[in-house]
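Next come the chains, spelled out residue by residue.
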Amino acid sequence: MPAKKEIVLIGAGLAHANALRALCKSVHEHARLTVVTRHPRTPYSAMLPGLMAGFYTNDDIHIDVAGLCRFAGAKLVVSEVSGIDIHARRVFCEAREPIPFDILSIDTGSTPNTHEVPGADAHAVAIKPVDKFLAGFEAARARLLQRGSAQFVVVGGGASGVELICTMERVLRADLEREGLNPDAVGFTLLTRKAAILDMFSHGLGTRFERILAARGIEVITGKNASRVEAGAVHTDCGAVVAYDELFWTVEASAAPWLGETGLALDERGFVAVRPTMESISHADVFATGDVASFVGRAVPKAGIYAVRQSVVLAENLRLAAEGAPLKPFLPQKRFLQLITAGERYAVGARGRFSFEGRWVWHLKDRIDRGFVSGFKRLAPAAETVKSA
Ligand SMILES: Cc1cc2nc3c(=O)[nH]c(=O)nc-3n(C[C@H](O)[C@H](O)[C@H](O)COP(=O)(O)OP(=O)(O)OC[C@H]3O[C@@H](n4cnc5c(N)ncnc54)[C@H](O)[C@@H]3O)c2cc1C
């Protein structure tokens, strides 16, 4: 029998977490699994607004990667990956020896693009990584309660920008009221360079949120591109200045800069260019999945729902690669159910051209999200955890 292949998974985002469930049943005959990821728990971002609003605990929204690895018989290395030697087939991590691989899969997600706008890195709190965002939000919340007033600005009019500003509005006004302060002393602005918010979704979804934001006194500035940030002010291409006390950044995702030094073929935004099988277009036996993957010739949205669907095909392809068998393509679905929370137990949904809203939509989203995360909690433990020094 040929020697077992070393499969290394970098990052334990939604795609790898879900793939691990399937891999545990199928892969061990041909391969050994190692997962290298920054944290032993992965946040499920779709539940982040609910955590901010106090509807969920930290435990509710996190997938226990350590437990999942024990269940899947995978070795877990808790460490940050800083690079890959694609020819020597080694992964470099902080504070430990390089990890050798035969087959590699990258699922390091994406972060909002702060480094392309001068000053944004220094002054804005990005929505990812989630732990840093939560610390930034809690600090801004404490400053607001101390001062009694503030202007909150969110840059980015996609789903996460809209969910974020809606949630902040509900949470922070309630905070002020509870402290006997004026709830109207906090202001909110959403800034987007697009002509409309939520323009990647059905028209109905966007119009419903325009109405909700207006009713809550949230200012929406469209068609203006943030081009420079300084303390207290966002400057736009057309010369407009948007004043802020607290600034949050959710605009278009970008990939980790170290990917640029690997020699892997990337797209123009730095994401790993892959075939429909999720294998790199430049290197065999190297896969990318979830937000970090860029499917050549096909626009696959960077969304959790797609990461989870890819994971099923990825698990199979990793097993097939270990066996030396032909790989299968990922075929993205054209329409899916979109559910976006309005910051309270109220949400708006759409499928195709149809949109709808209400408390029941939030409860539907709540059931789906809780069901997804608790599916991981039911898995049983049984193997080795290696922590970096
Ligand atoms: C507020 C918010 C709400 C959202 N709501 C929805 C929604 O309702 N529906 C939906 O479909 N999508 C939603 N999304 C998008 C969704 O969260 C992402 O598309 C999804 O998480 C991508 O999954 P992924 O597997 O690519 O990676 P991620 O889940 O982003 O995980 C990446 C993993 O890689 C690890 N990692 C990164 N770099 C390194 C490194 N150098 N070394 C080691 N480990 C590393 C991270 O720690 C993390 O575990 C939302 C996003 C946000 C921000």
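Keep in mind that what you see is a predicted model, and the values were worked out from it rather than measured.

Turning to a positive patch on the surface, a few remarks are in order. A cluster of basic residues, R309, R335, R351 and R353, forms a positive patch at the surface. By secondary structure assignment, the location of R309 is in helix α9 (residues 304–323).

Domains assigned within the protein are domain 1 (5–110 + 255–335) and domain 2 (120–251). The centre of domain 1, based on its C-alpha atoms, is set 31 Å off from the matching centre of domain 2. Counting residues at the interface gives eleven residues for domain 1 and 14 residues for domain 2. Buried area between domain 1 and domain 2, both sides added, is near 950 Å², and the carbon and sulfur share of it is 72%. Of all residues in domain 1, the largest losses of buried area upon contact with domain 2 belong to L48, P49 and M52, amounting jointly to 55% of the total for that side. Inspection of the domain 1/domain 2 interface yields zero salt bridges. If you look at where domain 1 meets domain 2, you find zero residue pairs in polar contact (both at pLDDT 80 or more).

With six of seven residues buried, strand β23 (residues 338–344) lies mostly within the body of the structure. In this structure, β23 lies alongside strand β24 (residues 346–351), joined through five bridges in antiparallel fashion. For I340, the partnering residue across the bridge sits in β24 and is V348. Taking the residues between adjacent antiparallel strands as the criterion, β23 and β24 are bridged by one residue.

Sheet strands associate in pairs through backbone hydrogen bonding, adopting either a parallel or an antiparallel arrangement. Spatially, three strands are ordered β23-β24-β25 in an open sheet, and the strand pairing comes out antiparallel. Each having just a single partner strand, β23 and β25 (354–358) make up the two edges of the open sheet. Each strand of the sheet is rotated relative to its neighbour by a mean of 15 degrees, with strand direction disregarded. With five bridges joining them, β24 and β25 adopt antiparallel strand pairing. Residue pairing in the sheet places R351 in a bridge with F354 of β25.

Attention now moves to the packing of aromatic side chains. In total, this model carries eleven aromatic pairs according to the counting rule given. Aromatic side chains F55 and W362 sit 5.4 Å apart centroid to centroid with 75 degrees between the ring planes, which places their arrangement in the edge-to-face category. Of this pair, F55 sits in the loop between α2 (48–52) and α3 (58–61) while W362 is found in helix α10 (residues 359–377), placing the two residues 307 residues apart along the sequence. Judged by relative accessible area, which is 19%, F55 ranks as buried.

An ideal rise of 1.5 Å per residue puts 28 Å on 20 residues; helix α7 (residues 159–178) measures up with 29 Å between its terminal C-alpha atoms. α7 sits mainly inside the fold: 14 of its 20 residues count as buried. Trailing α7 by a residue or two, G180 shows a phi angle of about 75 degrees, which is positive.

The rules behind each value
Residues numbered from 1 in each chain as written. Predicted model: local features only at pLDDT ≥ 70, side-chain atom pairs only at ≥ 80, totals over all residues. Heavy atoms only, no water. Patch = residues over 30% accessible without salt bridge, like charges linked within 9 Å, V, L, I, M, F, W, Y side chains within 5 Å. Areas by Shrake-Rupley, 256 points an atom, 1.4 Å probe, with all protein chains shown as cover. Salt bridge = Lys/Arg side-chain N within 4 Å of Asp/Glu carboxyl O. Lys, Arg positive; Asp, Glu negative; His and termini not counted. Charge placed at Lys NZ, Arg CZ, Asp CG, Glu CD. Helix = DSSP H or I, 4+ residues; strand = E, 2+ residues; numbered from the N terminus. Domains from an automatic or database assignment. Contact = heavy atoms within 4.5 Å. Buried area = accessible area lost by both parts, 1.4 Å probe. Polar contact = N/O pair within 3.5 Å; in protein donor to acceptor, adjacent residues only side chain to side chain. Buried < 20%, exposed > 50% of the residue type's maximum accessible area, 1.4 Å probe, protein only. Pairing = 2+ DSSP bridges. Axes fitted to C-alpha atoms, helices over the stretch in contact; angles between N-to-C directions. Phe/Tyr/Trp six-rings, centres within 6.5 Å; stacked < 30°, edge-to-face > 60°. Expected span 1.5 Å × (residues − 1).

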